[in-house]
Amino acid sequence: DQQVKQNSPSLSVQEGRISILNCDYTNSMFDYFLWYKKYPAEGPTFLISISSIKDKNEDGRFTVFLNKSAKHLSLHIVPSQPGDSAVYFCAASSGNYGGATNKLIFGTGTLLAVQP
Amino acid sequence: NAGVMQNPRHLVRRRGQEARLRCSPMKGHSHVYWYRQLPEEGLKFMVYLQKENIIDESGMPKERFSAEFPKEGPSILRIQQVVRGDSAAYFCASSPPGGSVTQYFGPGTRLTVL
């Protein structure tokens, strides 16, 4: 049972344009969501997160939007740069408010290619 | 401020041997998590440890796999009698005390079982 889904395996965007990566989840107990970026042969790098009490969080070129009623979140990157080319993973947790575990449930990733 | 460290980065074992993967969390972090990434898949949670305690091992296979995080030294993920299906990238992550959800990952250990 895939609780966190990234339905687009890949996305290609022109440099300078906006990249929008999408993520859906099924478990209503999730209360914290994170985006990680991963290059080949490296570990995931934390990008940005959002708590379920918010619907938007922004950090520089990265903005995450959360729509709880639709159980959907998205990551916007603007402007996109060639160095942003990587696999992006969405992750969710139900441990934000003192849960017993903070384990992360990951999606399968979206490969972003930013064309110069 | 060193990040999460894992060693070895690459490990080759023959079927039936033991694999030991080590993880040193970021300075000041007392929570350690292990994840496994099989080819073409996302990361799957295995186990969550605090110093000398296993908090959640719901993702660990029931046999051959064990993990520890001793009072002194790195966290160890041990796989006994490895099989080809254990070939994967194993990532360790850490977080600070106080219940932070954000986890910071190491570079991973790529295990190949011949």
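Draft legend 1. A look at the pairing of strand 5 (residues 45–51) of chain A. Residues and elements named next belong to chain A. For strand 5, the tally of buried residues reaches five of seven residues, placing the bulk of the element in the interior. Pairing of strand 4 (residues 32–38) with strand 5, which is carried by six bridges, proceeds in the antiparallel orientation. Looking across to strand 5, one finds that Tyr36 is bridged to Phe46. Where strand 4 folds back onto strand 5 in an antiparallel hairpin, the turn is made up of six residues, including Ala41, whose phi is positive at roughly 65°.

Draft legend 2. Examining the sheet that holds strand 6 (residues 56–59) of chain A more closely. Residues and elements named next belong to chain A. The strand order 1-3-8-7-6 describes an open sheet built from five strands, whose pairing is antiparallel. Two strands bound the open sheet, and with one partner strand each, they are strand 1 (4–5) and strand 6. Here strand 1 pairs with strand 3 (residues 19–25) via two bridges, running antiparallel. Among the inter-strand pairings, Val4 is bridged to a residue of strand 3, identified as Tyr25.

Draft legend 3. Spatial organisation of the interface of chain B and chain A. Counting residues at the interface gives 23 residues for chain B, matched by 23 residues for chain A. Interface of chain B and chain A: buried area, both sides summed, is about 1700 Å²; carbon and sulfur atoms make up 57% of it. Interface area lost by chain B to chain A is led by Leu43, Val101 and Phe105 of chain B, which between them contribute 32%. Our enumeration of links across chain B and chain A arrives at five residue pairs in polar contact (both at pLDDT 80 or more). Where the side of chain B that touches chain A is concerned, the elements lending two or more residues are strand 4 (31–37), strand 5 (43–50), strand 6 (53–56) and strand 10 (104–105) of chain B. Considered class by class, the residues forming the side of chain B that touches chain A number eleven nonpolar, eight polar and four charged.

Draft legend 4. Fine view of the state of the cysteines. Residues and elements named next belong to chain B. Considering all chains together, one arrives at two disulfides over all chains under this definition. Across a sulfur-sulfur distance of 1.7 Å, Cys23 and Cys92 are joined as a disulfide pair. Between Cys23 and Cys92, the S-S torsion sits near -50°, and that sign places the bridge as left-handed. Taken as a pair, Cys23 in strand 3 (residues 19–24) and Cys92 in strand 9 (residues 88–95) lie far apart in primary sequence, 69 residues in all. The pair formed by Cys23 and Cys92 is uniform in burial state, with each residue classed as buried.

Draft legend 5. Highlighting the pattern of salt bridges. Tallied over the full model, the rule gives four salt bridges over all chains. The shortest N-O distance in the salt bridge between Asp84 of chain A and Arg61 of chain A comes to 2.8 Å. Of this pair, Asp84 of chain A sits in the loop between strand 8 (72–77) and strand 9 (86–93) while Arg61 of chain A sits in the loop between strand 6 and strand 7 (62–67), placing them 23 residues apart in sequence. Salt-bridge contacts for Arg64 of chain B lead to Asp86 of chain B; the nearest nitrogen and oxygen are separated by 2.7 Å. With Arg64 of chain B in the loop between strand 6 and strand 7 (65–68) and Asp86 of chain B in the loop between strand 8 (75–79) and strand 9, this pair connects stretches of sequence that are 22 residues apart. Salt bridges linked by common partners bring Glu18, Arg20 and Arg78 of chain B together as one network.

Draft legend 6. Molecular detail of the packing of aromatic side chains. Within the structure shown, the criterion is met by 13 aromatic pairs over all chains. Judged by centre distance (6.0 Å) and plane angle (70°), the ring pair of Phe46 of chain A and Tyr104 of chain B falls under edge-to-face. A residue pair is termed interchain when its members come from two chains, as with Phe46 of chain A in strand 5 and Tyr104 of chain B in strand 10. With a relative accessible area of 24%, Phe46 of chain A lands in the partly exposed category.

Draft legend 7. Quick peek at the sheet that holds strand 8 of chain B. Residue and element names in this part refer to chain B. Read from one edge of the open sheet, four strands run 1-3-8-7, paired in antiparallel fashion. At either margin of the open sheet sits one strand with a lone partner, and together these are strand 1 (5–7) and strand 7. Averaged over all neighbouring strand pairs, the angle between strand axes comes to 15°, with direction disregarded.

Draft legend 8. Highlighting unusual backbone geometry. Here Val78 of chain A and Pro79 of chain A are connected by a cis peptide whose omega angle stands at -5°. Looking at the secondary structure, you find Pro79 of chain A in the loop between strand 8 and strand 9. The amide bond that connects Asn7 of chain B to the next residue, Pro8 of chain B, takes the cis arrangement and shows omega of -5°. Mapped onto the elements, Pro8 of chain B comes out in the loop between strand 1 and strand 2 (10–13). If you check the backbone angles, Arg64 of chain B has positive phi at about 75° while not being a glycine.

Conventions we followed
- Residues numbered from 1 in each chain as written.
- Chains lettered and ligands numbered in written order.
- Predicted model: local features only at pLDDT ≥ 70, side-chain atom pairs only at ≥ 80, totals over all residues.
- Heavy atoms only, no water.
- Buried < 20%, exposed > 50% of the residue type's maximum accessible area, 1.4 Å probe, protein only.
- Helix = DSSP H or I, 4+ residues; strand = E, 2+ residues; numbered from the N terminus.
- Pairing = 2+ DSSP bridges.
- Contact = heavy atoms within 4.5 Å.
- Buried area = accessible area lost by both parts, 1.4 Å probe.
- Polar contact = N/O pair within 3.5 Å; in protein donor to acceptor, adjacent residues only side chain to side chain.
- Nonpolar A, V, L, I, M, F, W, Y, C, P; charged D, E, K, R; others polar.
- Disulfide = S-S within 2.5 Å.
- Salt bridge = Lys/Arg side-chain N within 4 Å of Asp/Glu carboxyl O.
- Phe/Tyr/Trp six-rings, centres within 6.5 Å; stacked < 30°, edge-to-face > 60°.
- Axes fitted to C-alpha atoms, helices over the stretch in contact; angles between N-to-C directions.

What is shown is where atoms sit, not what they do.
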